[in-house]
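Now for the letters of each chain:
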Amino acid sequence: MSQVTEYSEKVLDHFTNPRNVGEIENAAGVGTVGNAKCGDIMRMYLDIDENQIVREAKFKTFGCGAAVATSSMATELVKGKTVQEALLVTNKAVMEALDGLPPVKVHCSLLAEEAIHAALWDYAEKNNITIEGLKPPVNDIDETEKFYKMETE
Ligand code: FES
C-alpha cells in the first residue's frame with residue numbers, strides 16, 4: 001500500500017473523477033494504442049474544426065489508474081489547442097500537469113502521448129495534410145517504451 005502515497009492529489013482526482021470519458025461520433029481523428037506488456041489499451045477521439053483546433057477530446061481507457069489519470073489530463077490539455085500545439089502535449093507535459101507520477105508508472109503516461117499522436121495521424125491522413133513533426137503511430141507502446149528508456153538512460 002505504500003505506493004499509493006506516491007500518487008499526487010491530482011492523479012487521484014483524475015483517476016477517481018476522470019474528465020472526458022466516452023466517444024465522439026464521427027470524430028475527426030481516432031487513435032488506439034496499447035502496451036502488450038501490461039495489456040492496457042487507450043483510445044483517443046478528437047473533434048477538430050476547420051481551423052485545425054481541437055474542439056473536443058474524449059477517451060476510453062482499459063488500463064491502470066495512472067493510464068486513466070493521464071488519459072483524462074491529456075484530453076484536458078489538448079482541448080482548445082491547434083493540432084500543431086497538441087503535438088507538444090507529451091507524456092512529460094501530462095505528468096507535469098498531474099504533479100508527477102511514481103517512477104514505475106511513468107510508462108503509463110506514454111500511452112496518452114501516443115494515443116494523441118495516433119488520433120492526430122488519423123486526422124491528418126483523412127484530410128490529406130501533414131502535421132510537422134508527427135511520426136507514424138505505434139500500435140504497441142512497449143516498443144516506444146524501450147526506445148524512450150534508451151533515450152533517457
Ligand atoms: Fe499498463 Fe499502466 S500498467 S498503462
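Anything mentioned here points back to the structure above.
Here goes a summary of the coordinates provided. (Residues numbered from 1 in each chain as written. Predicted model: local features only at pLDDT ≥ 70, side-chain atom pairs only at ≥ 80, totals over all residues. Heavy atoms only, no water.)

### Details of the environment of Lys58
Secondary-structure assignment places Lys58 in strand S3 (residues 54-62). Taking C-alpha positions, Lys58 is 5.7 Å from Glu23, a pair spaced 35 residues apart along the chain. Ignoring sequence-local partners within four residues, the contact set of Lys58 consists of Asn20, Val21, Gly22, Glu23, Ile24, Arg43, Met44, Tyr45 and Thr75. (Helix = DSSP H or I, 4+ residues; strand = E, 2+ residues; numbered from the N terminus. Contact = heavy atoms within 4.5 Å.)

### Here's the deal with the pairing of S3
In this structure, strand S2 (residues 40-48) lies alongside S3, joined through eight bridges in antiparallel fashion. Looking across to S3, one finds that Arg43 is bridged to Lys60. Hairpin connection of S2 to S3: five residues between the antiparallel strands, including Gln52 at a positive phi of 60°. (Pairing = 2+ DSSP bridges.)

### Describing the nonpolar core
Counting 41 residues, the largest nonpolar core has Met44, Leu46, Ile48, Val78, Ile116, Leu120 and Ile131 as the members making the most contacts within it. Contributing elements (two or more residues each) for this core: S2, S3, helix H2 (65-78), helix H3 (83-86), helix H4 (91-97) and helix H5 (106-127). Broken down by element, this core gets its largest block of residues, twelve residues, from H5. Apart from residues no more than four positions distant in its own chain, Leu120 is found in contact with Leu46, Ile48, Val83, Ala86, Leu87, Ile131 and Leu134. (Core = buried A, V, L, I, M, F, W, Y, C linked by side-chain atoms within 4.5 Å. Buried < 20%, exposed > 50% of the residue type's maximum accessible area, 1.4 Å probe, protein only.)

### Quick look at the sheet that holds S2
Strand order in the open sheet formed by three strands is S1-S2-S3, with antiparallel pairing between adjacent strands. Pairing within the sheet leaves two strands with one partner each, and these edge strands are strand S1 (29-35) and S3. Recorded for the sheet is a direction-independent mean angle of 15° between the axes of neighbouring strands. Running at roughly 175° to S3, H2 makes contact with S2 and S3 of the sheet. Sheet contacts for H5: S1 and S2; angle to S1, the most-contacted strand, approximately 145°. (Axes fitted to C-alpha atoms, helices over the stretch in contact; angles between N-to-C directions.)

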